[in-house]
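Residue strings, one per chain:
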2 protein chains.
Amino acid sequence: MKRLTIPEVVVARLPLYTQKLNQLLREGRESVSSQEMADHLGITSAQFRKDISFFGGFGKQGTGYNVIKLLESLRSVLNLDRIWEVALVGVGRLGQALMSYHGFSSTGFEIVMAFDNDPEIIGKSIAGIKVLDVKEMQKQICHREIPIAILTVPAASAQEIADQMIACGVKAIMNYTPTTLKVPKGIRLANIDPVLSLQTITFYL
Amino acid sequence: MKRLTIPEVVVARLPLYTQKLNQLLREGRESVSSQEMADHLGITSAQFRKDISFFGGFGKQGTGYNVIKLLESLRSVLNLDRIWEVALVGVGRLGQALMSYHGFSSTGFEIVMAFDNDPEIIGKSIAGIKVLDVKEMQKQICHREIPIAILTVPAASAQEIADQMIACGVKAIMNYTPTTLKVPKGIRLANIDPVLSLQTITFYL
DNA sequence: TAGATTGTTAATCGATTAACAATC
DNA sequence: TAGATTGTTAATCGATTAACAATC
């Protein structure tokens, strides 16, 4: 299958392309050249064309790329033309903020369940989602076959909760904890602790 | 200067090394081999040694790396052996969560000012920080020479606010908005909209 | 000393870019 | 048609890895 040979760095750039194309769409633009995309994104036009051509020839010589068509193609490539159900574990401040974050639902991600171990918060509703006891987590996630989980628990319990998630079928974990998690091959792990990117940036300051 | 030649991918891995070393330190470990670090982090031992050797020979043949010494060296390389003052603009739910996030202060980042344009929230205190009118932003940031800003405003005003920040000396922006920002060369921009990493992950599911 | 593991070299692998024929 | 811009090739550039002498 062709898809398996796409470099990870290319895949990581596609959401940025999608983001920019959405912006152009809102501005009413019909087409865009690789050169313009490159200028906006701070890359070379050759890189843009090469990245896109992994998935097919979506452009037109002399004209560029049709914004809507390219956007839809990329959404299809990234499997964004469906709703993805997400579970969130750890309903602290960050967890609550993410549950209320409108950006998820407007892009096809829906947090459909949330778990915590604090009796104070279990049973409460946040952004329309009832917080369940984390003891229920495995049963619920298994039952509903949730593919993606957001991990916003304290560092100390991160690995344990991650193991439990994986045991009941979660395929991707967004790790917001400042922890180096061990996950089996085949499980996607995104480390998005806000501190990590800050620590990279300070090298250059 | 040697530092200028370090590949970005290497710099991006250093915080992960720091994270794991901190974990080992808490476990009371005195030394660690490149092989063990590699196993934990899912990389090769050669890569770890190569990355570290950009900054000097911190290891000892036959023994490995002294955890404390390596940790301190990396902290020094990443300029983490000081306090970094951070401004936050956009005190919505995500902004508030980040203001309350303990992970920043415990790693040497301190959100020292916050701004919003909503009269309802201006003047209130969140996590001990008084929210100021965004009209005051440029004056305050200039005056205190804040190098890092967290951008958590609505997408529509993101570019405008970013321009204002840069005009008054901000050198790095953590962009939490779903926007492709244009920034001048020399300004560090980290795109950490949570949706971006989700959209990358769905490609593989 | 014997065993272990580093730091570094050279080889490999992969990603980026310049250039241009194809073509809208 | 003339001008513009794609898709792709080949060259370049850069990052990763295997291997091993050095050495603790």
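Note that the coordinates shown come from a computational prediction; the quantities given were computed from them, not determined experimentally.

A.B. asks: Describe the protein's contact with DNA strand D, naming the residues involved and giving the relevant values.
C.D. replies: Surveying the vicinity of DNA strand D reveals 24 residues, the closest of which are Ser 34, Arg 49, Gly 59 and Tyr 65 of chain A together with Lys 60 of chain B. Taking all atoms of DNA strand D within 4 Å of the protein, the share assigned to sugar and phosphate is 62%. Between DNA strand D and Tyr 65 of chain A, the relevant distance is 2.6 Å, taken from a phosphate oxygen to a side-chain nitrogen or oxygen of the residue. It is helix 3 (residues 45–53) of chain B that provides the largest number of residues to the surface near DNA strand D, a total of four residues.

A.B. asks: Lay out the interface of chain A and chain B in plain terms, naming residues and giving numbers.
C.D. replies: Often, the extent of an interface is quoted as the loss of accessible area upon association of its parts. With 56 residues of chain A at the contact, the number on the chain B side is 56 residues. Carbon and sulfur atoms supply 69% of the area that chain A and chain B bury against each other, a total of about 5,400 Å² over both sides. At the boundary of chain A and chain B, one finds zero salt bridges. Here chain A and chain B share 11 residue pairs in polar contact (both at pLDDT 80 or more) between them. For the side of chain A that touches chain B, the secondary-structure elements that each account for two or more residues are helix 1 (8–26), helix 2 (34–41), helix 5 (93–100), helix 6 (102–105), strand 9 (172–175), strand 10 (188–191) and helix 9 (194–201) of chain A. For the side of chain A that touches chain B, a count of residues per class yields 32 nonpolar, 15 polar and nine charged.

A.B. asks: Describe the packing of aromatic side chains, naming the residues involved and giving the relevant values.
C.D. replies: Taken as a whole, this structure holds 10 aromatic pairs over all chains when the rule is applied. Taken together, the aromatic side chains of Tyr 17, Phe 48 and Tyr 65 of chain A make up a single cluster linked through ring pairs. Over the ring of Tyr 204 of chain B we find Arg 188 of chain A; its NZ or CZ atom is 3.8 Å from the centre of that ring.

A.B. asks: I'd like a description of the relation of the copies chain A and chain B, backed by residues and values.
C.D. replies: The operation relating chain A to chain B is a screw motion whose rotation component is 180°, with 0.0 Å of axial translation and a residual RMSD of 0.0 Å. In symmetry terms, the pair is related by a two-fold rotation axis. Relative to the rotation axis, the C-alpha of Ala 97 of chain A is the closest in chain A, positioned 3.1 Å from it. Both copies contact each other with a shared surface, as 100% of the interface residues of chain A are interface residues in chain B too.

Rules used in this analysis
- The written sequence of each chain sets the order in which its residues are numbered from 1.
- Just so you know, chain letters begin at A and ligand numbers begin at 1, following the order they were written in.
- Two thresholds apply to this predicted model, a pLDDT of at least 70 for residue-level local features and 80 or more for giving and counting side-chain atom pairs, whereas whole-chain, interface and lining totals are computed over all residues.
- Neither water nor hydrogens contribute to the side-chain values; these are computed over all heavy atoms in the structure.
- Any residue with a heavy atom positioned within 4 Å of a molecule or strand is treated as near that molecule or strand.
- Distance and chemistry together define a polar contact, namely a pair of N or O atoms within 3.5 Å, with one atom able to donate a hydrogen and the other to accept it when in protein, and with adjacent residues in sequence counting only for side-chain atoms on both sides.
- The secondary structure listing takes helices from DSSP runs of H or I that are at least 4 residues long and strands from runs of E that are at least 2 residues long, numbered from the N terminus.
- Any two residues having at least one pair of non-hydrogen atoms within 4.5 Å are treated as being in contact.
- Reported buried area values correspond to the accessible surface (1.4 Å probe) lost by two parts on association, with both partners' losses combined.
- Between Lys or Arg on one side and Asp or Glu on the other, a salt bridge is scored when a side-chain nitrogen of the former is within 4 Å of a carboxyl oxygen of the latter.
- Three classes are used: nonpolar for Ala, Val, Leu, Ile, Met, Phe, Trp, Tyr, Cys and Pro, charged for Asp, Glu, Lys and Arg, and polar for all others, with Gly counted as polar.
- A pair of Phe, Tyr and Trp rings is counted when the ring centres sit within 6.5 Å of each other, with Trp represented by its six-membered ring. The angle between the planes then sorts it: under 30 degrees is stacked, over 60 is edge-to-face, the rest tilted.
- Charges are assigned to positions over rings by a cutoff of 6 Å between ring centre and Lys NZ or Arg CZ, combined with an angular limit of 35 degrees from the ring normal.
- Superposing the copies works by least squares over the C-alpha atoms of residues that have pLDDT at least 70 in both of them.

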